[in-house]
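Chain and residue survey
Chain residues, written in single-letter form:
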There are 2 protein chains.
Amino acid sequence: MSVTDIDYPGRMTRWQPDARDRLTAAAYELYEQRGYERTTVAEIAQAAGLSERTFFRHFADKREVLFSGSSHLLDGMVAAALAAPDDATPFEVVTAALEAVSVFLQPRHPHSARRQALIVGTAELQERELAKMATLTAATADALRQRGVGDPTASLAAEAGIAVFRVAFERWVAVLPAESDATPIASTDVPLFLDVVHDCLAELRAVTG
Amino acid sequence: MSVTDIDYPGRMTRWQPDARDRLTAAAYELYEQRGYERTTVAEIAQAAGLSERTFFRHFADKREVLFSGSSHLLDGMVAAALAAPDDATPFEVVTAALEAVSVFLQPRHPHSARRQALIVGTAELQERELAKMATLTAATADALRQRGVGDPTASLAAEAGIAVFRVAFERWVAVLPAESDATPIASTDVPLFLDVVHDCLAELRAVTG
């Protein structure tokens with residue numbers, strides 16, 4: 001154990017609040033520069049000026065840096081689904097869940113675009129992303145069942161909602177070039193994820209109608 | 001290399017035609033009896049009375065025994081999508097692809113039920129199954145694009161189709177108890193996958209309509 005692994009109360013107060021953000025920023029830069037597979041946790045911690053022990057206090061492994069927002073996303077979707085009006089149809093419930101996703105994602109557009117580029121290029125990350133989407137689908141279906149919706153309606157409405165999420169997300173992040181040195185575009189140029197979601201929901205209705 | 005690894009022309013002719021089926025049957029029994037993770041390729045080969053070398057001539061690894069039908073399924077779906085009438089809507093094209101799946105799956109019901117029970121119980125297999133579904137979705141969307149369907153329509157129709165596949169499949173295999181010693185039920189008791197698919201397609205229409 002090195003001296004940097006010792007938690008001085010004063011140091012905790014000074015450093016802990018942004019350790020997670022610094023580790024995330026360092027990880028993204030290293031993943032983009034030298035590739036996800038070739039980056040180690042030791043390198044991420046060093047680039048962030050923190051210890052490996054601090055890294056593992058925040059993330060289970062280097063993969064989880066890219067999935068740390070998943071539980072917030074899931075909680076937000078489920079809460080929105082459960083909070084929808086009593087007389088909402090299953091599709092309206094799913095729409096409410098996707099509107100909650102929009103609130104979560106909109107300020108994260110540049111980050112989301114970088115994340116997507118990393119995931120598309122790495123099989124291990126694609127698998128993890130598919131597992132995340134399956135978890136979101138299952139949680140949404142469970143929320144519908146809690147509201148009294150039976151099966152297969154609950155499963156199909158949840159699957160349809162996550163399908164829209166997936167397609168809308170890919171369109172939305174495609175707005176920004178996915179290179180790390182891309183010039184940040186003004187936030188007014190970024191389309192609202194909510195608009196893309198509503199377009200895709202309308203298109204799904206048209207397709208199945 | 002043991003003597004059983006040598007391919008005598010006469011032996012090839014006698015044994016090769018059913019080697020794949022024997023390996024598959026042995027693998028399923030071992031996976032069910034002692035668990036997927038604890039079963040080795042050597043044990044599967046031995047139980048089938050074949051060499052490891054023969055196993056690897058048929059399957060890349062023990063996981064692929066459970067996914068050897070995937071490429072046939074994909075080819076059948078794509079062929080059906082491309083062969084649909086010129087004036088078919090995207091949803092009708094996807095329906096045609098699912099009807100091709102039904103033809104493929106119907107005679108495989110007991111096998112599909114056993115396979116599903118193994119996959120549900122093993123994280124590594126679930127990941128592989130999700131990847132397979134993502135591949136089917138991408139191939140279906142590509143077939144729609146080849147027919148001149150634009151995006152996001154092609155992506156959404158494909159996602160909706162695979163969502164129906166997934167939900168319908170889970171309902172269909174649930175008919176048979178998933179234990180290996182379950183009494184085989186008469187084929188007349190097994191619902192038509194095609195009927196379950198049509199019910200789910202109608203339900204999806206109702207949900208989004």
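Preceding block: the structure.
The following refers to the structure shown. (Residues numbered from 1 in each chain as written. Chains lettered and ligands numbered in written order. Predicted model: local features only at pLDDT ≥ 70, side-chain atom pairs only at ≥ 80, totals over all residues. Heavy atoms only, no water.)

**Regarding the overall build of chain A**
Secondary structure summary: chain A contains nine helices and zero strands in total. The burial tally for chain A puts 47% of its 209 residues in the buried class. For chain A, long-range pairs separated by at least 24 residues make up 71% of all intrachain contacts whose partners lie at least 6 apart in sequence. Accessible surface, chain A as shown: approximately 10,100 Å² in total, 54% of it carbon and sulfur. (Helix = DSSP H or I, 4+ residues; strand = E, 2+ residues; numbered from the N terminus. Buried < 20%, exposed > 50% of the residue type's maximum accessible area, 1.4 Å probe, protein only. Contact = heavy atoms within 4.5 Å. Areas by Shrake-Rupley, 256 points an atom, 1.4 Å probe, with all protein chains shown as cover.)

**Notes on the relation of the copies chain A and chain B**
Once chain A has been moved 0.0 Å along the axis and rotated by 180 degrees, it coincides with chain B to within an RMSD of 0.0 Å. What the superposition gives is, in effect, a two-fold axis relating one chain to the other. (Least-squares fit on C-alpha atoms with pLDDT ≥ 70 in both.)

**Quick notes on the pattern of salt bridges**
Residue and element names in this part refer to chain A. Using the criterion set out here, one finds 20 salt bridges over all chains in the structure. In this structure, the salt-bridge partner of Asp-142 is Arg-145, at a minimum N-O distance of 2.7 Å. Of the two residues, Asp-142 and Arg-145 both sit in helix α7 (residues 123-146), three residues apart, roughly one turn of that helix. The class for Arg-145 is partly exposed, based on a relative accessible area of 34%. (Salt bridge = Lys/Arg side-chain N within 4 Å of Asp/Glu carboxyl O.)

**Comments concerning unusual backbone geometry**
For the bond running from Asp-151 of chain A to Pro-152 of chain A, omega is 10 degrees, close enough to zero to count as cis. Mapped onto the elements, Pro-152 of chain A comes out in the loop between α7 and α8 (153-173).

**Brief notes about the packing of aromatic side chains**
Enumeration according to the criterion identifies 16 aromatic pairs over all chains in this entry. Ring geometry for Phe-55 of chain B and Phe-56 of chain B: centres 5.3 Å apart, planes at 85 degrees, overall edge-to-face. Phe-56 of chain B gets classed as partly exposed once you look at its relative accessible area, which sits at 44%. Feature note: the residues Phe-165, Phe-169, Trp-172 and Phe-193 of chain A constitute an aromatic cluster, connected by ring pairs. Sitting over the ring of Tyr-36 of chain B, Lys-62 of chain B keeps its end group 4.5 Å from the ring centre. (Phe/Tyr/Trp six-rings, centres within 6.5 Å; stacked < 30°, edge-to-face > 60°. Lys NZ or Arg CZ within 6 Å of the ring centre and 35° of its normal.)

**Considering the side chain of Glu-129 of chain A**
Along the chain, Glu-129 of chain A turns up in helix α7. If sequence neighbours within four positions are ignored, Glu-129 of chain A has contacts with Phe-67, Arg-115 and Ile-119 of chain A.

**Some words on the interface of chain A and chain B**
Counting from both sides, the interface comprises 25 residues of chain A and, opposite them, 25 residues of chain B. Counting the surface lost from both chain A and chain B, the interface buries some 2,300 Å², and carbon and sulfur atoms represent 70% of this. When residues of chain A are sorted by the area they lose upon contact with chain B, Leu-156, Val-207 and Thr-208 of chain A head the list and together hold 26% of the total. Viewed at the interface, chain B and chain A are joined by two salt bridges. Our count for the chain A to chain B interface comes out at nine residue pairs in polar contact (both at pLDDT 80 or more). (Buried area = accessible area lost by both parts, 1.4 Å probe. Polar contact = N/O pair within 3.5 Å; in protein donor to acceptor, adjacent residues only side chain to side chain.)

**Quick look at the nonpolar core**
Most often, soluble globular proteins have nonpolar side chains that are buried together. By size, the foremost hydrophobic cluster in this structure holds 87 residues, and its most contacted members are Phe-165 and Phe-193 of chain A together with Phe-165 and Phe-193 of chain B. The greatest single-element share of this core, amounting to 13 residues, is contributed by helix α8 (residues 153-173) of chain B. Those residues in contact with Phe-165 of chain A that lie beyond four places of it in its chain are Leu-73, Leu-98, Val-101, Leu-105, Met-133, Leu-136 and Phe-193 of chain A. (Core = buried A, V, L, I, M, F, W, Y, C linked by side-chain atoms within 4.5 Å.)

**A word on the packing of α8 of chain B against helix α9 (residues 193-208) of chain B**
Angle between the axes and distance between the axes: these two values describe a pair of packed helices. Residues and elements named next belong to chain B. Interaxial distance between α8 and α9 falls to 9 Å at its minimum, and their mutual angle equals 130 degrees. Relative to α9, the element α8 lies oblique. Like other packed secondary-structure pairs, α8 and α9 cross with a definite hand, here right-handed. Here Ala-160, Val-164, Phe-165, Val-167, Ala-168, Phe-169, Arg-171 and Trp-172 of α8 lie close against α9, whose contacting residues are Phe-193, Val-196, Val-197, Cys-200, Leu-201 and Leu-204. For the contact of α8 with α9, the per-class residue count stands at 13 nonpolar, no polar and one charged. (Axes fitted to C-alpha atoms, helices over the stretch in contact; angles between N-to-C directions. Parallel < 35°, antiparallel > 145°, perpendicular 65-115°, else oblique. Left-handed = near helix turned anticlockwise from the far one by under 90°. Nonpolar A, V, L, I, M, F, W, Y, C, P; charged D, E, K, R; others polar.)

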